[in-house]
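Observations on the three-dimensional arrangement
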Amino acid sequence: MEVKTSLLDNMIGVGDMVLIEPLSEDAFIENLKKRFDHNEIYTYIGSVVISMNPYKSLPIYTAEKVEEYRNRNFYELSPHIYALADESYRSLRDQDKDQCILITGESGAGKTEASKFVMSYVAAVCGKGQEVNKVKEQLLQSNPVLEAFGNAKTVRNDNSSRFGKYMDIEFDFKGDPLGGVISNYLLEKSRVVKQPRGERNFHIFYQLLSGASDDTLKKLKLDRDFSKYNYLSLDSATVNGLDDAGSFRTVRNAMQIVGFMEDEVQSILELVAAVLKLGNIEFKPESRCNGYDESRVKDKNDLKEMCELLGIDQSVLERAFSYRTVEAKMEKMSTTLNVAQAYYARDALAKNLYSRLFSWLVNRINESIKAQTKTHKKVMGVLDIYGFEIFEDNSFEQFIINYCNEKLQQIFIELTLREEQEEYVREGIEWTNIEYFNNAIICDLIENNKNGILAMLDEECLRPGTVTDETFLDKLNTVCAEHQHFESRQSKNSKFLTDHSLPHNCFRIQHYAGKVLYRVEGFVDKNNDLLYRDLSQAMYKAKHGLIKVLFPEGNPAKVNLKRPPTAGFQFKASVGTLMKNLLTKNPNYIRCIKPNDKKAAHIFTDSLVCHQVRYLGLMENVRVRRAGYAFRQAYEPCLERYKMLCKQTWPHWKGPARKGVEVLLTDLQVPAEEFAYGRSKIFIRNPRMLFSLEEKRRQCLENLATLIQKIYRGWKCRTHFLLMKKSQVVVAAWYRRFAQQKKYQNIRSSALVFQSFIRGWKARKLLRELKHKKRCEKAVSTISAYWHGTQARRELKRLKEEARRKHSVAVIWAYWLGLKVRREYRKFFRADAGKKIYAFTIQRIMQKYFLGLKKTMPSMSPVDKSWPARPYGFLDRTHQELRRIFHLWRCKKYRSQFTEEKKATYKEKLAASELFKDKKALYPSSVGQPFKGDYVEITKNPKYQKLNSFVEDKVLLADMVSKINRANGKGAPRVFLLTKKSLFLADLKTGQVKASVPLPDLSSVSVSTQNDGFFALKIKEGSTSAAKGDFLLSSDRLIEIITKLHCIGATSADKKQLKVDISDEFLVQFKQDKVCVKFIQGTPKNGNGVACKRKNNRLLEVSVPSP
Ligand SMILES: Nc1ncnc2c1ncn2[C@@H]1O[C@H](COP(=O)(O)OP(=O)(O)O)[C@@H](O)[C@H]1O
Ligand SMILES: [Mg+2]
């Protein structure tokens, strides 16, 4: 459970001055002291934070503290600046109210530190992210840069801000920082050329000389030794606790983070160096004839170096220090400057240079940190302006600073005291007025346009004639003499005539924070802030980019004769704008108090604190706070905010808002003294009451949120559950299905296993039985077979025995009968019985032989050579004779079946056999060939019609032959025709007869013994055909042709048969010459046919493949 805390817990003194009892100044101071002694430096007055400067670092700014204060109610924890920062940030983020944090207090009271704590707290609690962090870092890092250039050690504060700073931090709707804008107010530039005793120039000069590298210093033509520079006061050049060198590094680093370019940094440092150099330029008088002294630069070295640094023509600058151009009535006049004027000019240049550089820096930083978006921005302004200053010697700057503080006090009074009280009256709330000091009158003394001090100063500055600080004081003495808060020796107010604490050249103002004595010296000059035009023009001519920008009025093209607005005027205007700006925002106050003048921890100087408490109006603040109401709000937003706390107003209230709020508060039973109903607002007296309302609201919102959450979670869980359930059902169904399938498969496979086992077992059993049965059957059959076998064998044996017995009986009987017959026969046929038995036996054997031969007769084919075996040896010859007779008879039978035609064919075949068998190797191949005769189908082939008709007789043979050419031994195809009377050779294609030879003209025919078809037809010498010579022909059917030729002779009239010569060498009578045809056996080279070659005139060689 969250532990509720309150600022009342472990409280030292009282944390909120509103609760102090009794309400007295002493008690107030005592309370502050008590808390201060316990390091409780923060105390509240309502929502205002009083901050005591501890002058030592306290462990109360840690990250844990940030977390502790984050999002907590203002009064929940002990007072802290973080509580105010958190309140302000949340109000900005959640209620869209622009905020400003006004930090006031004397110089050294801790304003700047407080502003940094506020910024760092806001940076720590606002959004995160790369871009946001970069913005934050830039915003935070702008501080060290501005502090280096704008802060200095003073007697009151080692790090005193010498400029006013107001920074607007811009946020987006989520409260993430977007960027910021810094406004600076009046830098105390006189410090550049002169510092009061015990004080220093701006930090940057010391930081540069201590921290920059040798190289950088050389480039800037600077020396590390502070004492070399007139503008640097020596008595407190080094300050305890300030590490200038370290700070320089921090500043360089910060500049880099903020976004300065390297060359920009270099330019800035060059300008800083130039200021130092400028301080070292000294002048000496040079007498002129007109009696006036004219200034001259003493040692030109520093001038030269400065001009080199800034790229200025040395002579131009030198001249500007000696002469001054005055323009009046369109005329330009040059007047000389004396030494004092030259120094004045130099210092004015240095101050201007530095202050303009500072303003440029602020603008440059603004450029870097400005928000990138143009969307609506929420703004938190942090004002850290120089505190109220009372020095021994107060000048124009203090006057201005204190004026600014007066204005801030004015705002404070306006908003916290006057405005509050006025509001009670306006709202008709019963109210007893509380007296407080309103400093409006002092503000009026200073800023009144007609007779205010600033207006007087301006008037003096602009007035023609001699104007001095004294004339200004005179003027004040006349105009302001009557004013209650103005004191001067010479004023008409005789009261001060004898006041010796008031020197003659001074005036005193009773500020809200005390009386301050101002010395008028320098007021006019500082207000004029004059820089001779010659100098600004010289600066404009510089080649240095940055310096040119800083002195735009030096541009001769833009000569403006009008005087620039005075410093006082400018400041008044900018303070006016600032005040207007602050009034639009919700103010948060941090009132800083310094406990002692010694910058020391642990010292609490009552009088000093008392003084501050008084002028800050803190007591009045408490009184108003105690008498009044801590919180007010218009009815509508109030109802809107708390309506959920009451049933009647939630969710909507119909009716006037005030009525609603009344109902609400009544319902909540808020005691009547805790609030009051104003005309348009409800006033709540006690913050605690408000917080309790807030708490209730938070509780209620939490409950509402819980309710919404509950319903949403319920809905979400339910939908989720339903989905899960649905899914579960699906999953379960699928799983069950799967499980059942699995189980079924298991059962099935087990069943199968069982089944197979049982079946196997059954089968085996059956098999066993069957086997057994079979074995039994087999045994039975075997036994029976054996039995039957035994029986059969027994029977057979018996039968055999019986047969044998019968046979022996028969034999015995036959023998006995034979014996009986023979005995009987012998008795009767004894003489020729042997012959008769022999004849009978032979007869019987012959009969048996012939009958057997009849049965075993071979076939009728003449080629069947089989013949039954001879049964009896004595019939051997008979058996051979019978075989021969049978064969002849069989042949006769076979021949008798032949036709005439077949007979002729066989005759021819027989003739062929007689002629060639065993004589010519070609013969065996012709045996199987039927002698067909006509192979070219002479009668049917239309090609040979003519030839057919030419041959009168019957064609006995027609075939294709080759006629061998005697010249080369090659054959030409011819049709060979043979009739009873002649033979013809005709053309194969046309059928035309080429030669015809009557058969009687043939003398013989010659063939070889070889397997070739060559034959030579020899013509009888002296016959009619002899003229043509013999024919050498070749035919595959040589056997048939020659046989036919041979047989024709047998049938011719003279029965003269053609002679056939068979020899491997024979002569052929061609037309003129006789050629020998020789047959040799050999392997012809191409193919396996017969080749004929002419060897010489007398020899034709025929090579025949060997068989
Ligand atoms: N809260 C604090 N804790 C520790 N030291 C502080 C605190 N506030 C101020 N100081 C010290 O006081 C000095 C002056 O504070 P500063 O804020 O510069 O004063 P101001 O801006 O009001 O002139 C600081 O340099 C610091 O040493
Ligand atoms: Mg400061």
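Refer to the structure printed above.
Thresholds applied
- Residues numbered from 1 in each chain as written.
- Chains lettered and ligands numbered in written order.
- Predicted model: local features only at pLDDT ≥ 70, side-chain atom pairs only at ≥ 80, totals over all residues.
- Heavy atoms only, no water.
- Near = heavy atom within 4 Å.
- Polar contact = N/O pair within 3.5 Å; in protein donor to acceptor, adjacent residues only side chain to side chain.
- Nonpolar A, V, L, I, M, F, W, Y, C, P; charged D, E, K, R; others polar.
- Pairing = 2+ DSSP bridges.
- Helix = DSSP H or I, 4+ residues; strand = E, 2+ residues; numbered from the N terminus.
- Donors = N, O, S within 2.8 Å, 3.2 Å for Na, K, Ca; no water.
- Buried < 20%, exposed > 50% of the residue type's maximum accessible area, 1.4 Å probe, protein only.
- Phe/Tyr/Trp six-rings, centres within 6.5 Å; stacked < 30°, edge-to-face > 60°.
- Lys NZ or Arg CZ within 6 Å of the ring centre and 35° of its normal.
- Salt bridge = Lys/Arg side-chain N within 4 Å of Asp/Glu carboxyl O.

Neighbouring ligand 1 are 17 residues; Asn 53, Gly 108, Lys 111, Thr 112 and Asn 157 lie closest to it. The contact in question runs from an oxygen atom of ligand 1 to an N or O atom on the backbone of Gly 110, over 3.0 Å. Asn 157 is positioned such that a nitrogen or oxygen atom in its side chain is 2.8 Å from an oxygen atom of ligand 1. By residue class, the composition of the shell around ligand 1 is six nonpolar, seven polar and four charged.

A few words on the pairing of strand 23 (residues 993-998). Note that strand 22 (residues 982-987) and strand 23 share five bridges and pair antiparallel. Within strand 23, the position partnered with Leu 985 by the bridge is Ala 995. Here strand 22 folds back onto strand 23 in antiparallel fashion, the turn holding five residues, of which Gly 991 has a positive phi close to 80°.

Here we come to the coordination of the magnesium ion (ligand 2). Here the magnesium ion (ligand 2) is held by Thr 112 (OG1) and Ser 161 (OG), and the distances to it run 1.9 to 2.3 Å. Here Thr 112 is found in helix 4 (residues 111-125), whereas its partner Ser 161 is found in strand 5 (residues 160-161), with 49 residues between them in sequence. On the accessibility criterion, Ser 161 (9% relative accessible area) is buried.

Moving on to the packing of aromatic side chains. A complete count under the given rule lists 38 aromatic pairs for this structure. Connected via pairs of aromatic rings, a cluster forms that spans Phe 396, Phe 399, Phe 472, Phe 486, Phe 507, Tyr 518 and Phe 523. Above the ring of Tyr 540, the side-chain terminus of Lys 548 is found at 4.6 Å from the ring centroid. A cation over an aromatic ring shows up here: Lys 909 above the ring of Phe 931, its NZ or CZ 4.0 Å from the ring centre.

In the structure shown here, the tally under the stated rule is 65 salt bridges. Between Arg 162 and Glu 188 there is a salt bridge, with its nearest N and O atoms 2.8 Å apart. Residue Arg 162 is located in the loop between strand 5 and strand 6 (164-171), and its partner Glu 188 is located in the loop between strand 7 (177-185) and helix 6 (190-193); the two are separated by 26 residues in the primary sequence. Assigned by exposure class, Arg 162 and Glu 188 land together as buried. Linking Asp 244 and Arg 200 is a salt bridge whose minimum nitrogen-to-oxygen distance equals 3.1 Å. Pair noted here: Asp 244 is in helix 9 (residues 244-258) and Arg 200 is in the loop between helix 6 and helix 7 (203-211), with a separation of 44 residues, a long-range link. Accessibility assignment for this pair places Asp 244 and Arg 200 in one class, buried.

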